[in-house]
Amino acid sequence: MKRIVVLISGSGTNMQAIVEACKAGRIDGEVVAVISNKPGVAGLDKAERAGIHTAVLSHKDFPTRDAYDVELQKLVEEFHPDVVVLAGFMRILTAAFAEHFHGRMLNIHPSLLPKYRGINTHQRALDSGDKEHGVSVHFVTEELDGGPVILQARVPVFAGDDADDLQQRVHAQEHRIYPLVVQWLCSGRLKLTAKGAELDGTLLGPQGYAAD
Ligand SMILES: Nc1nc2c(c(=O)[nH]1)N[C@@H](CN(C=O)c1ccc(C(=O)N[C@@H](CCC(=O)O)C(=O)O)cc1)CN2
Ligand SMILES: NCC(=O)N[C@@H]1O[C@H](COP(=O)([O-])[O-])[C@@H](O)[C@H]1O
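Residues numbered from 1 in each chain as written. Chains lettered and ligands numbered in written order. Predicted model: local features only at pLDDT ≥ 70, side-chain atom pairs only at ≥ 80, totals over all residues. Heavy atoms only, no water.

- Looking at an unreviewed UniProt entry, one finds the protein chain named Phosphoribosylglycinamide formyltransferase, with Pseudidiomarina insulisalsae as its source organism.
- UniProt's Sequence similarities (unreviewed entry) comment on the protein chain is quoted here verbatim: "Belongs to the GART family."
- Listed in UniProt under the heading Pathway (unreviewed entry), the comment for the protein chain reads: "Purine metabolism; IMP biosynthesis via de novo pathway; N(2)-formyl-N(1)-(5-phospho-D-ribosyl)glycinamide from N(1)-(5-phospho-D-ribosyl)glycinamide (10-formyl THF route): step 1/1." (UniProt positions renumbered as here; feature names shortened; annotations may be inferred.)

Okay, here's the thing in structure tokens:
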């Protein structure tokens with residue numbers, strides 16, 4: 001049973017999907033802690049209702065990004081994680097933090113990477129007139145949203161959509177694919193090697209696993 005620590009900054013619906021998958025036996029793991037950089041967010045309530053230890057470490061209490069990440073790394077390690085999951089965690093992590101958890105830290109990003117790294121992805125897709133949008137799960141490296149992509153899911157963009165419409169459509173796919181990838185990592189099927197992301201020993205393409 002792998003130990004999973006989830007980092008959040010907001011509503012925590014992806015964290016909840018992973019917790020539910022663990023409890024249902026679809027992930028060979030247990031979420032042992034949920035840590036937020038923001039106090040009072042709904043994701044903390046969701047975790048507490050699920051009986052999961054929560055902690056808040058506010059970046060506003062630290063003079064630099066490096067100082068924050070040193071403390072965040074100590075806090076995360078208190079729970080002896082096998083896997084660290086970023087689930088709407090809205091802080092850019094330092095190279096030292098990313099390296100410390102190299103190969104065992106995942107992120108979910110609301111775009112079809114490499115398109116739209118960073119934030120505000122739904123509006124950017126709308127502004128570009130994209131007819132397709134989606135979500136990517138990737139390993140976390142120093143390069144922001146640049147780590148090897150593991151799995152993507154696509155959603156259509158309809159005329160009249162606004163950013164909230166896209167967010168809801170993307171969220172539904174996130175809750176479907178993130179638990180899958182977390183299980184691949186927990187079960188040992190997924191590894192980050194010098195060649196990139198490998199699933200069952202097969203190197204994944206630049207946009208991750210392709211079912212067909
Ligand atoms: N070194 C890395 N850090 C992080 C990665 C990563 O791949 N490498 N993924 C992000 C998650 N993310 C998008 O998926 C993301 C989160 C936050 C930001 C950002 O610009 N944050 C600002 C603050 C924004 C805010 O508070 O609303 C900042 O940190 O100054 C961009 C992308 C997590 N970290
Ligand atoms: N750049 C990171 C980013 O924007 N991540 C996005 O934040 C949301 C968190 O929702 P949740 O808190 O309900 O899981 C998710 O849509 C995730 O893709």
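### Some thoughts on the overall build of the protein chain
Now for step 1: Each helix and strand in the protein chain was counted, giving six helices and ten strands.
Now for step 2: Scaling as 2.2 N^0.38, a compact globule of 212 residues should have a C-alpha radius of gyration of about 17 Å, and the protein chain matches this with 16 Å.
Now for step 3: The C-alpha extent of the protein chain, read off along each of the three principal axes, is 45 × 40 × 35 Å.
Now for step 4: Here the protein chain holds 212 residues, and the buried ones make up 50% of them.
Now for step 5: Split by element, the accessible area of the protein chain, about 10,000 Å² in all, is 51% carbon and sulfur. (Helix = DSSP H or I, 4+ residues; strand = E, 2+ residues; numbered from the N terminus. Rg over C-alpha atoms; globule rule 2.2 N^0.38 Å. Buried < 20%, exposed > 50% of the residue type's maximum accessible area, 1.4 Å probe, protein only. Areas by Shrake-Rupley, 256 points an atom, 1.4 Å probe, with all protein chains shown as cover.)

### Side note on the environment of A210
Now for step 1: Relative to the elements of secondary structure, A210 occurs in the segment after β10 (202–203).
Now for step 2: Overall, A210 belongs to the partly exposed group, its relative accessible area being 48%.
Now for step 3: Taking the C-alpha atoms as reference points, A210 and Y178, separated by 32 residues in sequence, lie 15 Å from one another.

### Side note on the site of ligand 1
Now for step 1: Lining the immediate surroundings of ligand 1 are 19 residues, of which R91, N107, H109, T141 and D145 lie closest.
Now for step 2: Between an oxygen atom of ligand 1 and a side-chain N or O atom of N107, the distance comes to 2.9 Å.
Now for step 3: Between ligand 1 and the protein, one listed contact pairs a nitrogen atom with a backbone N or O atom of T141 at 2.8 Å.
Now for step 4: Considered on its own, ligand 1 offers 710 Å² of accessible surface; in the complex 84% of this is hidden by protein.
Now for step 5: Top element by residues in the shell around ligand 1 is strand β5 (residues 105–109). It accounts for three residues. (Near = heavy atom within 4 Å. Polar contact = N/O pair within 3.5 Å; in protein donor to acceptor, adjacent residues only side chain to side chain.)

### Notes on the UniProt feature "domain: Formyl transferase N-terminal" (unreviewed entry) in the protein chain
Now for step 1: Under the feature "domain: Formyl transferase N-terminal" (unreviewed entry), the UniProt entry names residues 2–182.
Now for step 2: Summarising residues 2–182: 36% helix, 24% strand, and an end-to-end C-alpha distance of 10 Å.

### Thoughts on the site of ligand 2
Now for step 1: Neighbouring ligand 2 are S11, G12, T13, N14, G88, M90, I108, H109, P110, G118, H171 and E174.
Now for step 2: Contacts to ligand 2 include S11, whose side-chain N or O atom sits 2.6 Å from an oxygen atom.
Now for step 3: One nitrogen or oxygen atom from the main chain of N14 is found 2.9 Å from an oxygen atom belonging to ligand 2.
Now for step 4: If ligand 2 stood free it would expose 450 Å²; the protein chains cover 88% of that surface.
Now for step 5: Taken together, the elements giving at least two residues each to the shell around ligand 2 come down to α1 (13–23), β5 and α6 (163–186).
Now for step 6: Residue classes in the shell around ligand 2 are distributed as three nonpolar, eight polar and one charged. (Nonpolar A, V, L, I, M, F, W, Y, C, P; charged D, E, K, R; others polar.)

### A word on the nonpolar core
Now for step 1: Among the nonpolar cores identified, the biggest contains 40 residues, and I4, V6, V31, V85, I150, Y178 and V182 are the most heavily contacted of them.
Now for step 2: A total of eight residues in this core trace back to one element, the largest contributor, which is α6.
Now for step 3: Contacts of I150, omitting those with residues within four sequence positions, involve L106, V137, H138, F139, V181, W184, L190, A197, L204, G208 and Y209.
Now for step 4: L57, Y68, V84 and L93 belong to the second largest nonpolar core, which has 20 residues in total. (Core = buried A, V, L, I, M, F, W, Y, C linked by side-chain atoms within 4.5 Å. Contact = heavy atoms within 4.5 Å.)

### Notes on the sheet that holds strand β9 (residues 196–199)
Now for step 1: If you walk across this open sheet you meet the three strands as β8-β9-β10, and the pairing is antiparallel. The open sheet has two edge strands with one neighbour each: β8 (190–193) and β10. (Pairing = 2+ DSSP bridges.)

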